[in-house]
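If you want the building blocks of each chain, they are given just below.
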Amino acid sequence: MTTRRGIFFNSKSRSVDSNVILSNKNPSPPKLPSSETIINEEPGNSNSSNSQTSPPKTTGISTGIVKKKLILKSTKRTLTKTIYSGPRKIFSTSYKANRAQLNHRAFFGGEADEYGLDDDEKTATNLCASQPSVQQITKSSLFVKSKSTDNIRSTTTTIIENGKTKIVCPRDQKKMYTVVPNIRQPTTCEELGETQSYIDDMEYLLAGFQANIILKNRCLSVVKFAELCAKPSFRMHLRTESALVRVLDLLKDAPDIPSLNLCTAFILYVLSSDTLTSGITPSTVRLMIELVQKNSAKNNDDDEEYSKMKQRILTIINQSSQDDIFYEQRFNTCDIILETFVNIARNNLKEWLRNEARTLNGFDLMIDSISSIVQDLSNNDFECYSLIEILIRYRKVCRYINMLEEFCTDNLEQSTSSSSSNKDMNRIYIAQYSQYSLFHSLSKLLDLSLVWFKQYSSIIDNSDKKNQVTTASNAKKDDTNDITSDTRDIFRDGCKTIMSILVILTNDCEVHCDHLAADDRFFSNLFRLLVTMEQCSLINEDKFDALALTLNLIINLVQNTKHVYKRLMEDNMPDESSKKIYEYLAGLFCEQESLAAKAESHEENDWMMEDGDDNLDERLGIENPKNANSENGANFNRALQKAAGHMENTFVAAFTGVVLGVVLLRDCATYASQIQTLMPQKKFDTMAFILKKFFIFLQMSHAFTPSGVKILEEITAMVLSLCG
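Being a predicted model, the structure only gives us computed values, none of them experimental. (Residues numbered from 1 in each chain as written. Predicted model: local features only at pLDDT ≥ 70, side-chain atom pairs only at ≥ 80, totals over all residues. Heavy atoms only, no water.)

1. Side note on the overall build of the chain
Within the chain, the regular secondary structure consists of 30 helices and four strands. Across the 724 residues of the chain, 44% fall into the buried class. Intrachain contacts of the chain at a sequence separation of at least 6 include 76% that bridge at least 24 residues. Taken as a whole, the chain presents about 38,300 Å² of accessible surface, with 50% of it coming from carbon and sulfur. (Helix = DSSP H or I, 4+ residues; strand = E, 2+ residues; numbered from the N terminus. Buried < 20%, exposed > 50% of the residue type's maximum accessible area, 1.4 Å probe, protein only. Contact = heavy atoms within 4.5 Å. Areas by Shrake-Rupley, 256 points an atom, 1.4 Å probe, with all protein chains shown as cover.)

2. Considering helix H20 (residues 510–517)
Buried within H20 are the following residues: His512, Cys513, Leu516 and Ala517. Looking down the long axis of H20, one finds its buried residues gathered within 120° of arc, a one-sided arrangement. (Arc of directions from axis to C-beta.)

3. Considerations on the pattern of salt bridges
In a structure, side chains of opposite charge can pair up when their charged atoms sit close to one another. Following the criterion strictly, the structure yields 19 salt bridges and no others. A salt bridge links Arg218 to Asp253; the shortest N-O distance between them is 3.0 Å. Here the residue Arg218 occupies a position in helix H7 (residues 215–229), and Asp253 occupies one in the loop between helix H9 (243–250) and helix H10 (258–272), the gap between them amounting to 35 residues. For Arg218, a relative accessible area of 3% puts it in the buried group. Accessibility expressed as a relative area gives 24% for Asp253, which makes it partly exposed. Overlapping salt bridges bring together Arg488, Asp489, Arg492, Asp493, Lys496 and Asp545 as one network. (Salt bridge = Lys/Arg side-chain N within 4 Å of Asp/Glu carboxyl O.)

4. Thoughts on the packing of aromatic side chains
Here the structure, examined in full by the defined rule, presents 18 aromatic pairs. Between Tyr394 and Trp452, the aromatic rings sit 6.0 Å apart at their centres with planes inclined by 70°, giving edge-to-face as the arrangement. Here Tyr394 is found in helix H16 (residues 387–408), whereas its partner Trp452 is found in helix H18 (residues 437–469), with 58 residues between them in sequence. By relative accessible area, which is 1% here, Trp452 ends up buried. Plain terms: the ring middles of Tyr456 and Phe491 are 6.1 Å apart, the flat faces sit at 35° to each other, and that makes the pair tilted. You can see Tyr456 sitting in helix H18 and its partner Phe491 sitting in helix H19 (residues 474–506), a full 35 residues away along the chain. (Phe/Tyr/Trp six-rings, centres within 6.5 Å; stacked < 30°, edge-to-face > 60°.)

5. Some thoughts on the pairing of strand E4 (residues 164–168)
Across the five residues of E4, zero count as buried, placing the element largely on the outside. For strand E3 (residues 157–161) and E4, the ladder comprises five bridges, and the chain directions are antiparallel. Within E4, the position partnered with Ile159 by the bridge is Lys166. (Pairing = 2+ DSSP bridges.)

6. Quick word on the environment of Trp352
Position of Trp352 among the secondary structure elements: in helix H14 (residues 351–359). Judged by its relative accessible area of 30%, Trp352 falls in the partly exposed class. Sequence spacing of Trp352 and Pro282 is 70 residues, and the spatial spacing of their C-alpha atoms is 8.2 Å. What Trp352 contacts, discounting residues up to four positions off in sequence, is Ile280, Thr281, Pro282 and Val285.

7. Comments concerning the packing of H20 against helix H22 (residues 540–560)
Packed helix pairs are specified by the crossing angle of their axes together with the interaxial distance, meaning the distance between the axes. Closest axis-to-axis distance for the H20/H22 pair is 9 Å, and the angle between their directions is 110°. Looking at the two axes, H20 sits roughly perpendicular to H22. Facing Glu510, Cys513, Asp514 and Leu516 of H20, the residues of H22 in contact are Leu553, Asn556, Leu557 and Asn560. (Axes fitted to C-alpha atoms, helices over the stretch in contact; angles between N-to-C directions. Parallel < 35°, antiparallel > 145°, perpendicular 65-115°, else oblique.)

8. Comments concerning the environment of Tyr327
Checked against the element boundaries, Tyr327 lands in the loop between helix H12 (304–320) and helix H13 (333–347). A C-alpha to C-alpha distance of 7.7 Å links Tyr327 and Ile392, two positions 65 residues apart in sequence. In contact with Tyr327, not counting residues within four places along its chain, are Ile373, Ile392, Arg393 and Lys396.

9. Structural notes on the nonpolar core
Core analysis: the largest hydrophobic core is formed by 168 residues, its most contacted members being Phe225, Phe341, Phe407 and Leu502. The greatest single-element share of this core, amounting to 12 residues, is contributed by H16. Leave out the neighbours within four places in its chain, and Phe341 touches Val285, Met288, Ile289, Leu353, Met366, Met403 and Phe407. (Core = buried A, V, L, I, M, F, W, Y, C linked by side-chain atoms within 4.5 Å.)

10. Here we look at the confidence of the model for the chain
For the chain, per-residue confidence averages 75 on the pLDDT scale, and residues scoring 70 or more make up 64% of the total. Below pLDDT 50 for its whole length, residues 1–79 participates in 127 contacts with residues either more than four positions away or in separate chains. Low pLDDT, under 50, characterises residues 606–614; the predicted model gives this stretch 21 contacts beyond four residues in sequence or across chains. (pLDDT = per-residue confidence, 0-100.)

11. Quick look at unusual backbone geometry
Glycine aside, residues mostly have negative phi angles, and peptide bonds mostly take the trans form. Located in the positive-phi region is Ser434, a residue other than glycine, with phi close to 50°. Within the secondary structure, Ser434 is located in the loop between helix H17 (417–432) and H18. Assessed through its relative accessible area of 48%, Ser434 is described here as partly exposed. One non-glycine residue with positive phi stands out, namely Asp508, at about 55°.

12. Observations regarding the side chain of Glu305
Position of Glu305 relative to the elements: it lies in helix H12. Sequence-distant contacts of Glu305, defined by excluding residues within four places in its chain, comprise Leu215, Lys216, Cys219 and Ser259.

13. Let's talk about the packing of H10 against H13
Put simply, H10 and H13 touch, their axes get as near as 9 Å, and they point 15° apart. Considering their axes alone, H10 and H13 lie roughly parallel with respect to each other. The crossing of H10 and H13 is left-handed. Contact with H10, carried on its side by Asn261, Leu262, Ala265, Phe266, Leu268, Tyr269 and Ser272, involves Thr333, Ile336, Ile337, Glu339, Thr340, Asn343, Ile344 and Asn347 of H13 and no other residues of that element. For the contact of H10 with H13, the per-class residue count stands at eight nonpolar, six polar and one charged. (Left-handed = near helix turned anticlockwise from the far one by under 90°. Nonpolar A, V, L, I, M, F, W, Y, C, P; charged D, E, K, R; others polar.)

14. Some thoughts on the environment of Leu287
Relative to the assigned elements, Leu287 resides in helix H11 (residues 282–296). We classify Leu287 as buried; its relative accessible area is 12%. Separated by 22 residues in the primary sequence, Leu287 and Ala265 have C-alpha atoms spaced 9.3 Å apart. Setting aside its immediate chain neighbours within four residues, Leu287 contacts Leu248 and Pro255.

15. Regarding the state of the cysteines
Considering all chains together, one arrives at zero disulfides under this definition. Lacking any disulfide linkage, Cys263 is separated from the closest cysteine sulfur, that of Cys219, by 4.4 Å. In this structure Cys263 comes out as buried when scored by relative accessible area, which is 0%. (Disulfide = S-S within 2.5 Å.)

16. A word on helix H29 (residues 685–701)
With 17 residues, H29 should reach 24 Å at 1.5 Å per residue; the first-to-last C-alpha distance of 24 Å fits that figure. Of all 17 residues in H29, 14 are buried; the element is thus mostly enclosed. (Expected span 1.5 Å × (residues − 1).)

17. Considerations on the side chain of Glu351
With respect to the secondary-structure elements, Glu351 resides in helix H14. A distance of 3.1 Å separates the side chain of Glu351 from the side chain of Arg354, its partner in a polar contact. (Polar contact = N/O pair within 3.5 Å; in protein donor to acceptor, adjacent residues only side chain to side chain.)

Right, here's the structure in full:
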């Protein structure tokens with residue numbers, strides 16, 4: 001026999017004997033919940049419906065498992081129910097007033113099939129239903145009665161007590177209805193459900209974290225916990241309950257077990273993706289570093305459980321993430337932990353973490369990983385790896401470089417004197433680690449980036465030329481052009497990333513500038529990058545970023561070293577060009593200044609230069625540059641609003657002018673005449689105007705460091721002295 005289980009029935013309360021007594025008077029619906037009951041009635045007694053002396057004769061009655069005990073005799077109808085006494089469910093409560101009980105009559109109706117009766121039970125039910133004295137109550141009749149609410153509304157009474165409204169209904173009118181006195185709001189039920197689900201999941205998973213559990217089950221529990229941490233609602237409960245401390249305490253032996261080591265790192269990676277807070281503490285950072293150090297000292301290739309967990313975690317990450325962050329050849333604990341640091345640095349990098357990463361040798365892991373990936377790319381190139389594999393590695397190394405840059409820059413919200421000292425110490429540590437290994441890696445990466453960028457730029461240019469000749473094949477080549485353009489943009493962004501971190505590391509640091517300028521290959525690549533970015537078919541914004549960062553790095557090298565300015569004046573441009581470097585820079589200045597002046601003339605900008613006017617302050621519309629009042633600020637804001645496309649050209653011209661100005665500061669007597677002959681109208685007036693405008697902009701926007709503003713002021717004063 002099939003039994004019916006549910007939350008409203010107790011298995012113990014169903015295992016009782018059932019006696020069914022049928023009376024000829026006041027018949028009841030043919031509900032026979034008992035199982036395996038057979039009723040045999042003699043034909044002679046079939047018409048004795050008016051007799052009340054004895055019940056119908058029953059034979060062959062057997063007992064079995066029943067759902068409830070039902071007694072039908074005379075006019076009495078007694079229902080014996082057992083309240084559920086099993087484990088409490090999510091919405092269960094100890095208050096009886098808040099408990100909703102099942103009205104079985106309205107729920108099950110009068111059909112015996114609702115109880116899942118067997119064939120024997122159906123036979124007994126049909127025998128009882130064949131008696132004319134038994135009235136059947138079907139679902140249709142219940143449905144009609146449940147609809148007839150007009151009569152009930154007419155008999156209800158509304159009572160107001162202590163500000164609460166009660167509706168009183170006579171008992172004989174509400175036999176088909178269930179009255180629930182207190183009803184929770186849907187949002188409350190949802191919150192309670194989430195909380196109870198979190199509690200159940202935590203109890204179940206933490207039981208699998210115990211050290212006495214077999215390793216396979218522990219790893220599966222940790223991976224399942226990491227999957228739950230990907231849900232924002234679960235992370236919210238995890239933060240409020242401070243459960244991460246309990247979890248990591250149970251996994252304190254993870255660094256020594258390779259498979260559990262990898263799974264624990266996966267938990268930290270998933271938690272770090274939270275943009276609000278990752279729950280990372282100093283103790284967590286120490287655990288992260290310990291996981292990497294213990295794992296790197298072991299060879300886990302022969303560990304079967306480690307290989308299984310590695311494949312499982314990779315599958316989960318690939319299914320949940322659209323970006324290719326990890327690849328199998330390099331997937332290990334160190335890779336996961338470094339991507340965790342990437343997420344932390346991108347979302348919410350705390351000031352204490354800058355110091356912890358340095359003292360715990362976290363920077364060593366980052367720089368070593370950058371060197372390893374760059375070496376991998378430089379050795380294999382396109383011969384061993386496909387383009388997709390190269391792009392995965394290239395994006396990964398760029399993420400690591402951006403992470404190091406975050407550790408070297410100030411946090412404006414937490415900027416203090418101690419933070420500035422930590423920043424300076426981090427810069428020195430990162431640059432000088434392992435005899436400037438980062439500089440060597442960045443130089444190799446820049447060389448590769450230029451080769452790949454030129455290659456895909458030429459493909460795009462050739463494709464554009466062909467499309468102009470034959471327009472019929474445009475539709476077929478659109479997808480290919482998009483893929484090629486995206487690839488080119490990846491390498492362009494990589495060049496910008498390299499320039500950005502080097503600008504930070506060389507700012508106001510002579511030692512770093514001397515070591516970087518000593519690399520002849522890197523020094524030549526700087527000017528290759530300038531020429532490539534200037535000639536490529538990029539939009540102005542993308543072109544400006546690359547040019548500005550490269551020129552800013554050249555400014556640092558010229559300013560903080562004693563010999564680089566001579567190389568600018570004496571060396572030729574790379575790739576067997578006969579043009580001197582300073583000649584190229586002067587030509588770049590004139591070109592960008594001409595584009596800016598042309599754009600300003602169309603926009604009628606207030607900062608337009610007027611030839612023949614010696615008073616630069618009046619031309620700029622500012623009375624006193626050092627003490628700008630509200631009127632000057634209004635002029636500045638109005639000029640910024642009008643400076644649409646030409647502002648980038650002005651900045652590039654200003655950066656180029658600063659490079660040439662530093663050369664003049666070093667040796668004005670020797671090189672002034674050579675530079676002057678290359679200026680517009682062979683005068684320094686245009687350079688002086690651009691530098692003056694740029695200087696005022698820096699003062700108002702506070703965009704540069706005090707040392708940068710000071711050197712710019714010296715250059716501007718020197719160039720003004722050469723105007724005549």
